[in-house]
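Secondary and tertiary structure notes
Next come the chains, spelled out residue by residue.
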Amino acid sequence: MEKDKELEGLILKYTAALKTLETEISILLQDYEYKNNYNPVEHIKSRLKSYDSASKKLISKGYEVNTTNIEKHVHDMVGLRIVCSFLSDVYEIVKIIENSDQITVHDKEDYITNPKDTGYSSYHLNVYIPVYLIDGVELVEAEIQIRTVAMDFWASLDHKITYKFKGEIPEEIKDEMHKCAEDIHALDQKMLTLNKEMQIIKEDQEII
Ligand code: 0O2
């Protein structure tokens, strides 16, 4: 019974943190669009990790399943993914979040410059979000993943093809998935270059 109450309290905090994070990110991005006349975002997705999924993560890391360990060792109970258009947008969005007064970045992983062995590519920010409760403010951890649509395509399909697979994945399939990730990266670079070239053409047209 006491355990259920603890879990309920934890879920309440995570739900509040997710709402705060969604609101803050939305305000920052709207402000960015207003000031730059440009919207770098294709779409945003957010979720609370399920208790089952958190338990699996704890077990895989060798921890006992309880609320204390969820808070301590599962860093992505609150998760938000920003999917943007171009590679350069990823780094622009990272800057916007780092400059926010409400979101505190405490860790970051650039899996774009240093992709994971699988080929997974994305920029991860581990952040703290203030949640104002009756007894005061609590800082709740959240993970923000920032990636291009192309990276999102690869990651979403990889999630289905290999990521959650329990057994040993054949080397040929790992290699092929890795090659697909490299192709995706090359496409991202190409789209970025094409966009830059078109920007110059558009600016020249405006001058004339
Ligand atoms: P799900 O179902 O997407 O939530 P940590 O989360 O920090 O305790 P870790 O593994 O060090 O543990 O964190 P990492 O690697 O920085 O980020 C983990 C998340 O990144 C995963 O969450 C996935 O969302 C994503 N990810 C990492 N590697 C891969 C990959 O090879 N393929 C795909 N498709 N996604 C990946 P979860 O909780 O593992 O899964």
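The structure this text deals with has already been given above.
Let me begin by describing the structure that accompanies this report. (Residues numbered from 1 in each chain as written. Predicted model: local features only at pLDDT ≥ 70, side-chain atom pairs only at ≥ 80, totals over all residues. Heavy atoms only, no water.)

Quick look at the packing of aromatic side chains
Which entries qualify depends on this criterion: The criterion for an aromatic pair is that two Phe, Tyr or Trp rings (for Trp, the six-membered ring) have centres within 6.5 Å, with stacked assigned to planes under 30 degrees apart, edge-to-face to planes over 60 apart and tilted to the rest. Segments assigned H or I by DSSP are reported as helices when at least four residues long, segments assigned E as strands when at least two residues long, and all are numbered from the N terminus.
Inspection of every chain in the model, using the stated rule, returns two aromatic pairs. With a centroid separation of 5.7 Å and an interplanar angle of 90 degrees, the aromatic rings of tyrosine 91 and tyrosine 123 are classed as edge-to-face. Of this pair, tyrosine 91 sits in helix H4 (residues 87-98) while tyrosine 123 sits in strand E4 (residues 123-133), and the two are 32 residues apart along the sequence.

Here's the deal with the environment of glutamate 6
Filter applied, for reference: Think of it in three bands: with a 1.4 Å probe and only protein chains considered, a residue is buried below 20% of the maximum accessible area for its type, exposed above 50%, and partly exposed in between.
Mapped onto the secondary structure, glutamate 6 falls in helix H1 (residues 2-36). Under the relative-accessibility criterion, glutamate 6 is labelled partly exposed at 37%. A C-alpha to C-alpha distance of 9.5 Å links glutamate 6 and asparagine 66, two positions 60 residues apart in sequence.

Regarding the site of the ligand
How we decide: If a single non-hydrogen atom of a residue is within 4 Å of a molecule or strand, that residue counts as near it. For the purposes of these results, a polar contact is taken to be a pair of N or O atoms within 3.5 Å, where, inside protein, one atom must be able to donate a hydrogen and its partner to accept one; residues adjacent in sequence count only when each atom of the pair is a side-chain atom. Note on areas: these come from Shrake-Rupley sampling with a 1.4 Å probe, and a residue is covered only by the protein chains present in the view. Three categories are distinguished: nonpolar for Ala, Val, Leu, Ile, Met, Phe, Trp, Tyr, Cys and Pro, charged for Asp, Glu, Lys and Arg, and polar for the others, with Gly belonging to the last.
In the vicinity of the ligand there are 19 residues, among which Lys49, Lys57, Lys61, Lys116 and Asp158 approach most closely. With respect to the ligand, the side chain of threonine 118 contributes an N or O atom lying 2.7 Å from an oxygen atom. Coverage of the ligand by the protein chains reaches 82% of its 740 Å² of free accessible surface. Mapped onto the shell around the ligand, the elements with two or more residues apiece are strand E5 (136-148) and helix H5 (149-163). Across the shell around the ligand, the residue classes break down as four nonpolar, six polar and nine charged.

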